[in-house]
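So the chains spell out like this:
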Amino acid sequence: MSARHGVTFEPGGDWAAELAELQARRASALAMGGPEALARFKASGRMNARERIDALVDGGSFQEMGALAGKGHYDHEGRYQRTDPTNAIVGTGRITGRKVALHVDDFTIRAGSSEGTIADKWIYIERLALQLRMPLVRLVDSAGGSVKLLMQIGGTKIPEYTTWPAQDLLKTVPVVGVALGACAGQGAIKVLSSHFSVLVREQAQVMAAGPHVVRQAYGQEVDKNDLGGWKAHRKSALVHNEAVDEADALAQVKRFLSYLPRSVHELAPVLPCDDDPNRADDWLKNAIPHDRRKIYDPRKILAAVLDQGSLFEIGRWQGASVITMLGRLNGVPVGVIANDPKAQGGAMTLQAAYKMERHTKLCSLFGLPVVNFVDQPGNATGLEAELAGTLLGATRVGEALAECRSPWVSILMRRCFGMAGALHGPKGGDRLNHRFAWPSARWGSIPIEGGVMAAHKAEIEAAPDPAAKRTELEAHYLAMTSPFRTAEKFGVLDIIDPRETRRVLCDWVDDAWYVVRGDLPLRAAAAGV
């Protein structure tokens, strides 16, 4: 007797033997790597592959495909004995009722090795996700390649998967990669070739190759967490988010997908909202300190303006001078960008540029309007920034903005200076540079403090009291930087009270969503698939 999808079948009739064999083969698949391997895996504190599936998708919604794939064992008369299942579990399921495709590694079978599996199986589910236009979630726990493959096939193969539609997937459907263990080689690519990736701290690593290969190639001893763990990827910015455990990682997957459409051919879900569009939190009037040298918490401002509880941050620990989030305005999903003066003063660093570029591309691809809360002092400067190629990163942001199809609005909160300041939104062509400013905003080609010293260096140094002279000159120039002077020339759409920001944005998002709906055919055509 066996159970599948909640239905129990009793073998009987003319096909009793075949039905019994079917049940036995299914039982082999469910046995995974066997009791001992499963016990060892459980002892490590991790969920096995099927437990992970159950934790991610709605109960009873997983429809497995290719469960019978693997290596069959037969007796001397050719009768079926058992199956060694393949280490890729694939199928479809639902997350809060919405269909997704699942590509899941089973580490209990040959350590989830990408070369110790039947590649056609996992490639099939990814092709299915593309052709049926549904989000793809990869739960990756793979040791990568293995030299033992040579013994199996009696030779080597060119490292490629010619039928894997990896790039077309990225142009068509939301793709998520979750690192749940050591993800090396092909496993790393499966995590990184995604729109959103998350790694479990202290448990997962994403790397080109593990410590053994590094030792052999370079004679270096390195711990796998130092090589590809969460601390490494705070610096590399390769993996978007961290998770404290597997449950947290899977919860983040669900949250990310809730903002996105099934594919570029559809609209993202708009949710009912009971947060008043006219809500005006009074403390916002003083959210920006009057003293220009004091900082503030931009996340608190974002939480006050966007729908309550709607913010989901992506890449918090990388390129920290820019914040990238998904959120909602009156129930409509939007992309959110903001500068954080607590990190590098909010300046555009190389990592911050990369982070803003990829967020812009994500929102453009899937039709999310973008709100940018601007406090940009300019590009990071100095020897380290120049050697890192920061200006090239900023240039790439400009390219992404030029190609962005999302309706975009900017709220200039404080500073907007130089080349990086100019990158606060798309410009040119059919784009309106739709922007509002708070009374606290200032802008120009260079911040007043640095500009005064550069332009009046000799005068300041010759003064009886250089510090007083510098303060005098700064005050003189600051008087001319009032945002109201720019508004007089219609250089900014309007100056608004910070408390009015939510009302203004909720009004704007109605029109923005109208544009997103109308642009749906164009966005799908631009994807080229």
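Residues numbered from 1 in each chain as written. Predicted model: local features only at pLDDT ≥ 70, side-chain atom pairs only at ≥ 80, totals over all residues. Heavy atoms only, no water.

Novice: What should I look at first to understand the overall build of the protein chain in this one?
Specialist: When you go through the protein chain residue by residue, the secondary structure sums to 22 helices and 21 strands. Summarising its shape, the C-alpha atoms of the protein chain cover approximately 105 × 55 × 40 Å along the three principal directions. In the protein chain, buried positions account for 51% of the 529 residues. Within the protein chain, residue pairs in contact and separated by at least 24 positions form 73% of the contacts whose partners lie at least 6 positions apart. Total accessible area on the protein chain is roughly 24900 Å²; 56% of this is exposed by carbon and sulfur atoms. (Helix = DSSP H or I, 4+ residues; strand = E, 2+ residues; numbered from the N terminus. Buried < 20%, exposed > 50% of the residue type's maximum accessible area, 1.4 Å probe, protein only. Contact = heavy atoms within 4.5 Å. Areas by Shrake-Rupley, 256 points an atom, 1.4 Å probe, with all protein chains shown as cover.)

Novice: Looking at this structure, how should I read the packing of helix 3 (residues 49–56) against helix 11 (residues 246–258)?
Specialist: Packed helix pairs are specified by the crossing angle of their axes together with the interaxial distance, meaning the distance between the axes. Where helix 3 contacts helix 11, the axes come no closer than 10 Å and their chain directions differ by 45°. Here helix 3 is positioned oblique relative to helix 11, judged by the angle of their axes. Seen along the crossing, helix 3 lies across helix 11 with a hand that is right-handed. Taken together, the residues of helix 11 that come into contact with helix 3 (itself represented by Arg-52, Ala-55 and Leu-56) are Glu-246, Leu-250, Val-253 and Lys-254. For the contact of helix 3 with helix 11, the class distribution of residues is four nonpolar, no polar and three charged. (Axes fitted to C-alpha atoms, helices over the stretch in contact; angles between N-to-C directions. Parallel < 35°, antiparallel > 145°, perpendicular 65-115°, else oblique. Left-handed = near helix turned anticlockwise from the far one by under 90°. Nonpolar A, V, L, I, M, F, W, Y, C, P; charged D, E, K, R; others polar.)

Novice: Would you take a moment to explain the pattern of salt bridges for this structure?
Specialist: Two side chains of opposite charge can pair, provided their charged atoms sit close to one another. If you walk through the whole model with that rule in mind, you get 27 salt bridges. The salt bridge involving Asp-141 is made with Arg-46; its shortest N-O contact spans 3.5 Å. With Asp-141 in the loop between strand 8 (136–140) and helix 5 (149–153) and Arg-46 in the loop between helix 2 (35–43) and helix 3, this residue pair connects regions lying 95 residues apart in the sequence. Arg-499 is the salt-bridge partner of Asp-497, the closest N and O atoms lying 2.7 Å from each other. For Asp-497, a relative accessible area of 24% translates into the label partly exposed. Relative accessible area serves as the criterion here: at 26%, Arg-499 is assigned to the partly exposed category. (Salt bridge = Lys/Arg side-chain N within 4 Å of Asp/Glu carboxyl O.)

Novice: Even after reading the chapter, I still don't get the confidence of the model for the protein chain, so can you show me in this structure?
Specialist: Reading fine detail from the predicted coordinates is not recommended where pLDDT is low. Scored by pLDDT, the protein chain comes out at a mean of 89, with 91% of its residues at no less than 70. Across residues 1–5, where pLDDT falls below 50, the model places 14 contacts with residues more than four positions away in sequence or in other chains. (pLDDT = per-residue confidence, 0-100.)

Novice: Please explain the packing of helix 21 (residues 501–518) against helix 22 (residues 520–527) as it appears in this structure.
Specialist: Across the interface, helix 21 lies against helix 22 with an axial gap of 4 Å and an inter-helix angle of 55°. The angle between helix 21 and helix 22 places the two elements in the oblique class. Residue-level inspection shows Val-516, Arg-517 and Gly-518 of helix 21 in contact with helix 22, the latter providing Leu-520, Pro-521 and Arg-523. Each residue belonging to the contact of helix 21 with helix 22 can be placed in one class, and the counts come to three nonpolar, one polar and two charged.

Novice: So what exactly am I meant to see when it comes to the state of the cysteines here?
Specialist: Two cysteines form a disulfide when their sulfur atoms are joined by a covalent bond. Here the structure, examined in full by the defined rule, presents zero disulfides. Between Cys-404, a cysteine without a disulfide, and Cys-363, which holds the nearest cysteine sulfur, the sulfur-to-sulfur distance is 7.3 Å. Just so you know, Cys-416 is unpaired, no disulfide at all, and the nearest cysteine sulfur is the one on Cys-404, 17 Å from it. (Disulfide = S-S within 2.5 Å.)

Novice: Can you walk me through the nonpolar core in this structure?
Specialist: By size, the foremost hydrophobic cluster in this structure holds 95 residues, and its most contacted members are Leu-56, Leu-102, Phe-256, Ile-301, Leu-329, Phe-373 and Leu-505. Sorting elements by how many residues they give to this core places helix 21 first, with eight residues. Once you skip the residues sitting within four places of it in the chain, Ile-301 turns out to touch Trp-283, Leu-284, Ala-287, Ile-288, Tyr-296, Met-413 and Trp-438. Among the nonpolar cores identified, the runner-up in size contains 19 residues, and Trp-122, Met-134, Leu-136 and Leu-169 belong to it. (Core = buried A, V, L, I, M, F, W, Y, C linked by side-chain atoms within 4.5 Å.)

Novice: Mind showing me how you'd approach the sheet that holds strand 3 (residues 63–65) here?
Specialist: Pairing between the strands of a sheet comes from backbone hydrogen bonds, and it takes one of two forms, parallel or antiparallel. Pairing is mixed across the open sheet formed by seven strands, whose spatial order is 3-6-7-8-9-11-13. Taken across any chain shown, the strands that pair with only one partner, and hence form the sheet edges, are strand 3 and strand 13 (241–243). Taken pair by pair, the neighbouring strands of this sheet meet at an average axis angle of 20°, ignoring direction. Of the pairings in the sheet, the one linking strand 3 to strand 6 (residues 88–95) comprises three bridges and is antiparallel in character. Residue Gln-63 lies in a different strand from strand 6, and its bridge partner there is Thr-92. Lying on the sheet, helix 3 is in contact with strand 3, strand 6, strand 7 (98–105) and strand 8; it crosses strand 7 at an angle near 160°. (Pairing = 2+ DSSP bridges.)

Novice: Can you help me understand the packing of aromatic side chains in this one?
Specialist: Aromatic rings in a pair are described by how distant their centres are and how their planes are angled relative to each other. For the coordinates displayed, the defined rule picks out six aromatic pairs. Judged by centre distance (5.7 Å) and plane angle (65°), the rings of Phe-196 and Phe-312 are edge-to-face. Of this pair, Phe-196 sits in strand 11 (residues 196–200) while Phe-312 sits in strand 14 (residues 312–313), and the two are 116 residues apart along the sequence. Classification of Phe-196 by relative accessible area gives buried; the value is 0%. An aromatic cluster is built from Phe-196, Phe-256, Tyr-259 and Phe-312, whose rings are joined through pairwise contacts. Between Lys-190 and the ring centre of Trp-122, over which it is positioned, the NZ or CZ distance is 4.0 Å. The ring of Trp-317 is capped by Arg-316, whose NZ or CZ atom sits 5.5 Å from the centre of that ring. (Phe/Tyr/Trp six-rings, centres within 6.5 Å; stacked < 30°, edge-to-face > 60°. Lys NZ or Arg CZ within 6 Å of the ring centre and 35° of its normal.)

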